[in-house]
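Chain by chain, the residues:
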Amino acid sequence: MTLYVTSVTVTGGSSAHGRATGRAVSADGALDLELRLPRELGGDSGGPNPEQLFAAAYAACFQAALSLAARRHHLDPSSISVAATVAFGRDPADDGYQVGVDLVVTWPDADPDVAARLVARAETLCPYTKMSPATISLAVDGPV
């Protein structure tokens with residue numbers, strides 16, 4: 001059962017490293033921004049790039065899934081933070097491109113066993129981890 005549908009169209013710009021620059025606009029106009037290549041790929045870093053947007057969406061989705069799991073166990077999720085690192089590179093299997101995702105979940109003062117169980121549950125709830133599995137590490141002693 002579909003709960004939400006959105007659409008974003010990218011136009012203009014140029015393509016380098018198999019990635020488009022240009023303007024990304026959502027159908028409802030809530031998102032409207034210029035995509036730029038990062039300096040590491042020959043760009044000017046003058047705006048967000050697709051990997052940054054993907055990292056933000058992935059971290060937000062996983063944080064929401066973990067917060068839901070925590071609330072279902074009567075725990076306060078307000079101190080949970082999720083940092084997503086997205087790596088863009090070559091796929092040695094076909095010389096195409098691939099992305100890898102590393103998540104660092106920080107949950108200060110959480111019981112490590114409970115937090116680990118709920119992180120595992122969040123992996124099953126978060127559609128991003130189903131689409132693109134991540135390497136996940138958990139810090140319960142404070143910020144990493």
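Look up a bit, the structure's there.
Conventions and cut-offs
- Residues numbered from 1 in each chain as written.
- Predicted model: local features only at pLDDT ≥ 70, side-chain atom pairs only at ≥ 80, totals over all residues.
- Heavy atoms only, no water.
- Helix = DSSP H or I, 4+ residues; strand = E, 2+ residues; numbered from the N terminus.
- Buried < 20%, exposed > 50% of the residue type's maximum accessible area, 1.4 Å probe, protein only.
- Contact = heavy atoms within 4.5 Å.
- Areas by Shrake-Rupley, 256 points an atom, 1.4 Å probe, with all protein chains shown as cover.
- Lys, Arg positive; Asp, Glu negative; His and termini not counted.
- Charge placed at Lys NZ, Arg CZ, Asp CG, Glu CD.
- Salt bridge = Lys/Arg side-chain N within 4 Å of Asp/Glu carboxyl O.
- Pairing = 2+ DSSP bridges.
- Axes fitted to C-alpha atoms, helices over the stretch in contact; angles between N-to-C directions.
- Expected span 1.5 Å × (residues − 1).
- Arc of directions from axis to C-beta.

**Section: the overall build of the protein chain**
Consideration 1: When its secondary structure is counted, the protein chain shows three helices and eight strands.
Consideration 2: Each helix and strand of the protein chain, placed in order from N terminus to C terminus, yields the pattern β-β-β-β-β-α-β-β-α-α-β.
Consideration 3: Projected onto the principal axes, the alpha-carbon positions of the protein chain cover approximately 50 × 35 × 30 Å.
Consideration 4: For the protein chain, the residues scored as buried account for 31% of the 144 residues in total.
Consideration 5: For the protein chain, restricting intrachain contacts to residue pairs at least 6 apart in sequence, the fraction spanning at least 24 positions comes to 46%.
Consideration 6: For the protein chain, the accessible surface area stands at approximately 8700 Å², while carbon and sulfur atoms represent 55% of it.
Consideration 7: Of the side-chain charges in the protein chain, 10 are positive and 16 negative, and the distance between the mean point of each set is 5 Å.

**Section: the pattern of salt bridges**
Consideration 1: Within the structure shown, the criterion is met by two salt bridges.
Consideration 2: Through salt bridges that share partners, R23, D32 and E34 make up one connected network.

**Details of the sheet that holds strand β8 (residues 134-139)**
Consideration 1: On the basis of which strands lie adjacent, the open sheet formed by three strands has the order β6-β7-β8 and mixed pairing. Taken across any chain shown, the strands that pair with only one partner, and hence form the sheet edges, are β6 (81-91) and β8. Within the sheet, the average angular offset between the axes of one strand and its neighbour, ignoring direction, is 15°.
Consideration 2: Judged from the 11 bridges that link them, β6 and strand β7 (residues 96-106) form a sheet pairing that is antiparallel. Note that in β7 the partner of A83 across the bridge is V104.
Consideration 3: The sheet strands contacting helix α1 (residues 50-72) are β6, β7 and β8, and the helix crosses β6 at an angle near 140°.
Consideration 4: Across the sheet, helix α2 (residues 112-125) touches β7 and β8, and the angle it forms with β8 is around 155°.

**Structural notes on the pairing of strand β5 (residues 32-35)**
Consideration 1: Taken together, the four bridges between strand β4 (residues 22-26) and β5 define a ladder with antiparallel strand orientation. Within β5, the position partnered with R23 by the bridge is E34.
Consideration 2: With antiparallel pairing between neighbouring strands as the criterion, β4 and β5 make up a hairpin whose turn holds five residues, including G29 at a positive phi of roughly 80°.

**Some thoughts on α2**
Consideration 1: Helix length check: α2, at 14 residues, gives a terminal C-alpha distance of 20 Å against a target of 20 Å (1.5 Å per residue), a fit within 8%.
Consideration 2: For α2, every residue scored as buried is listed here: A115, L118, V119 and A122. Along α2, the residues classed as buried sweep out an arc of 110° about the axis, all on the same side. α2 presents D113 and R117 as exposed residues on the side facing more than 90 degrees away from its buried surface.

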